[in-house]
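A look at the structure
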Amino acid sequence: MAKARKVPAIIDNPMSFCPGCGHGIVIRLIAECLEELEQDQNLIFALGVGCSSLLGGGLVTDRLHCPHGRASAVATGMKRVQPENTIVAYQGDGDAYSIGIAETINAAYRNENFTMVAINNTNYGMTGGQMSWTTMPGQVTTTSPLGRDCEITGNPLKFPELVASQFDVAFAARGAVTSPKNINKLKKYIKNGLEAQINGEGYSVIEVLSPCPTNWKLSPLNSMKRIEEELIPYYPLGVFKERKEN
Amino acid sequence: MDVITVKEERCKECGLCIAHCPNEALSFSDRLNSAGYKPVQVDDAKCIKCGICYTMCPDGVYEISHNGESGGED
Ligand SMILES: Cc1ncc(C[n+]2csc(CCOP(=O)(O)OP(=O)(O)O)c2C)c(N)n1
Ligand code: SF4
Ligand code: SF4
Ligand code: SF4
Ligand SMILES: [Mg+2]
């Protein structure tokens, strides 16, 4: 039997992401989960600065464009003041893990009761492709023109693994948007994160390996191939911290 | 009756749906939309309404309705 499919109302608008950009897939999954959990009208997004900000153009829901890197601190405040609302921090790798690493880690460290979705496209997409803490070893960016030299920069950050092993968080996982199978798995992770928040279990993070065809200078299909062949071996997919009751 | 709808104006010609369609029902048309992209077209005789194109599309181009209903869980 055929499956009925319709883009959720809160994001059923044209979006200005580049062709083949993963942001569009991820935001649809978040909105589908919110709809299924009946939270789509009970939601505040804390949007990071980056191509995540482009969401603002098509999203019909409460949201705040947060100071760069600080969306997890803003989400903390939102949830503490408005605990009945569902709060989603939506941030890029540059925003969450480089510029705002202190705020991001502190929210996880305190097990704040909100959900962060981190779009890891291994660069600062919006500003033309600079190196971030998740840029791969040897990856050429505008600020690592000879390829990232980890001797100087340190190694690419694995945030879900870090918080799962060091902090008492509710749920931590990494997914990818490379295939229907991976997208369906990612949706389950996002739903688990949101359910953890609704049940008051605490902090959840879902990182997504997501293509940035424009700055990677690859076609949309070859960008997905790069994730499969180059990123997933370094950034494994799966759940790093399972919810306690599951 | 299952119906697949294509919002041509939203298509950015990325090709992700075409690459994953299990039945080769999708191709780019010869037309241009107002953004200058050649939007996808569906060969309805080949389409099995599986929804994979909806799943892959970053730009909300597809809708698949089943007996007049659309949306809902897996
Ligand atoms: C305080 C401040 N510093 C720098 C910038 C410039 N800036 C805008 S977006 C961005 C990086 C975004 O990268 P990421 O979070 O990875 O998001 P992406 O665009 O890749 O999705 C930077 C440095 C800014 N807007 N504000
Ligand atoms: S620059 Fe990269 S992340 Fe930003 S919209 Fe374009 S493809 Fe997406
Ligand atoms: S619904 Fe399935 S068969 Fe039909 S065009 Fe989409 S992917 Fe192809
Ligand atoms: S995935 Fe969407 S935007 Fe990309 S070619 Fe297919 S319909 Fe167009
Ligand atoms: Mg980025």
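Each residue is numbered by its place in its chain's sequence as written, counting from 1. Ligands are numbered from 1 and chains lettered from A, in the order in which they are written. Side-chain atom pairs in this predicted model are given and counted only at pLDDT of 80 or more, local residue features only at pLDDT of at least 70, and totals for whole chains, interfaces and linings cover all residues. Side-chain calculation: all heavy atoms of the structure are included, whereas hydrogens and water are not.

**A look at the coordination of the magnesium ion (ligand 5)**
Distances from the magnesium ion (ligand 5) to its protein donors, namely A:Asp93 (OD), A:Asn121 (OD1) and A:Asn123 (O), fall within the range 2.0 to 2.2 Å. Relative accessible area serves as the criterion here: at 2%, A:Asp93 is assigned to the buried category. Donor criterion used throughout: N, O or S atom within 2.8 Å of the metal, extended to 3.2 Å for Na, K and Ca. Water excluded; incomplete-looking sites may result. Relative accessibility thresholds used throughout: buried, under 20% of the residue-type maximum; exposed, over 50%; partly exposed, between the two (1.4 Å probe, protein chains only).

**Section: the packing of helix α1 (residues 23-36) of chain A against helix α7 (residues 180-198) of chain A**
Residue and element names in this part refer to chain A. Where α1 meets α7, the closest approach of the two axes is 9 Å, and the angle between their N-to-C directions is 50 degrees. Classified by the interaxial angle, the pair formed by α1 and α7 is oblique. Considering only the axes of α1 and α7, their crossing is right-handed. Residues Ile 25, Arg 28, Leu 29, Ile 30, Glu 32, Cys 33, Leu 34 and Glu 36 of α1 pack against Ile 183, Leu 186, Lys 187, Ile 190, Lys 191 and Leu 194 of α7. Its residues assigned to classes, the contact of α1 with α7 shows nine nonpolar, no polar and five charged. Here, axes are lines fitted to C-alpha atoms. For helices the fit covers the stretch in contact, and angles between N-to-C directions go from 0 to 180 degrees. Counting from the N terminus, the helices are the DSSP runs of H or I reaching at least four residues and the strands are the DSSP runs of E reaching at least two. Any angle that is under 35 degrees is reported as roughly parallel, and any over 145 degrees as roughly antiparallel; angles of 65 to 115 degrees are reported as roughly perpendicular and all others as oblique. Each helix crossing is assigned a hand: it is left-handed if the near helix lies turned anticlockwise from the far helix by less than a right angle, otherwise right-handed if that turn is clockwise. In what follows, a contact means two residues having at least one pair of non-hydrogen atoms within 4.5 Å. Here the nonpolar group is Ala, Val, Leu, Ile, Met, Phe, Trp, Tyr, Cys and Pro; Asp, Glu, Lys and Arg are the charged ones; every other residue, Gly included, is treated as polar.

**A few points about the site of ligand 4**
Around ligand 4, a shell composed of B:Cys11, B:Lys12, B:Glu13, B:Cys14, B:Gly15, B:Cys17, B:Phe28, B:Val40, B:Cys57, B:Pro58, B:Val61 and B:Tyr62 is seen. A class-by-class count of the residues in the shell around ligand 4 yields nine nonpolar, one polar and two charged. Only heavy atoms are used to decide nearness, and a residue is near a molecule or strand if one of them lies within 4 Å of it.

**Examining helix α4 (residues 101-109) of chain A**
All names here are of chain A. Buried within α4 we find Thr 104, Ala 107 and Ala 108. The arc that holds the buried residues of α4, viewed along the axis, is 100 degrees, so those residues lie on one side. Looking at the buried residues of α4, the elements they touch are α2 (71-81), β3 (86-92), α3 (93-99), β4 (115-120) and α6 (159-166). A positive backbone phi angle near 55 degrees is found at Asn 111, which sits one or two residues after α4. The directions considered for the arc are those from the helix axis to the C-beta atoms.

**Quick word on the environment of A:Ser210**
Along the polypeptide, A:Ser210 turns up in the loop between β6 (204-209) and α8 (213-216). On the accessibility criterion, A:Ser210 (1% relative accessible area) is buried.

**Brief notes about the sheet that holds strand β7 (residues 238-241) of chain A**
Residues and elements named next belong to chain A. Strand pairing is defined by DSSP finding a minimum of two bridges between the two strands. Strand order in the open sheet formed by seven strands is β2-β1-β3-β4-β6-β5-β7, with mixed pairing between adjacent strands. At either margin of the open sheet sits one strand with a lone partner, and together these are β2 (62-65) and β7. Taking the axes of each pair of neighbouring strands and ignoring which way they run, one obtains an average angle of 20 degrees across the sheet. Where β3 lies against β4, five bridges are found, and the strand directions are parallel. Bridge assignment links Gly 92 to a residue of β4, and that residue is Ile 119. Lying on the sheet, α2 is in contact with β1 (43-47), β2, β3 and β4; it crosses β3 at an angle near 175 degrees. Strands β4, β5 (171-176), β6 and β7 of the sheet are contacted by α6, whose axis makes an angle of about 160 degrees with β5.

**Description of the interface of chain B and chain A**
Contacts between the two partners involve 31 residues from chain B and, on the opposite side, 34 residues from chain A. Each of two parts loses accessible area, computed with a 1.4 Å probe, when they are put together; buried area is these two losses added. Summing both sides of the interface, chain B and chain A together bury roughly 2600 Å²; the carbon and sulfur share of this comes to 57%. Put simply, a salt bridge is a Lys or Arg side-chain nitrogen that is within 4 Å of an Asp or Glu carboxyl oxygen. Linking chain B with chain A are three salt bridges. Between A:Asp12 and B:Arg10 there is a salt bridge; the shortest N-O distance is 2.9 Å. Counted as a polar contact is a pair of N or O atoms within 3.5 Å, where, for protein atoms, one must be capable of donating a hydrogen and the other of accepting one, and residues adjacent in sequence contribute only when both atoms are in side chains. At the boundary of chain B and chain A, one finds nine residue pairs in polar contact (both at pLDDT 80 or more). If you list the elements that add at least two residues to the side of chain B that touches chain A, you get α1 (16-20), α2 (52-56), β4 (62-66) and β5 (69-70) of chain B. Here the residues of the side of chain B that touches chain A sort into 12 nonpolar, nine polar and 10 charged.

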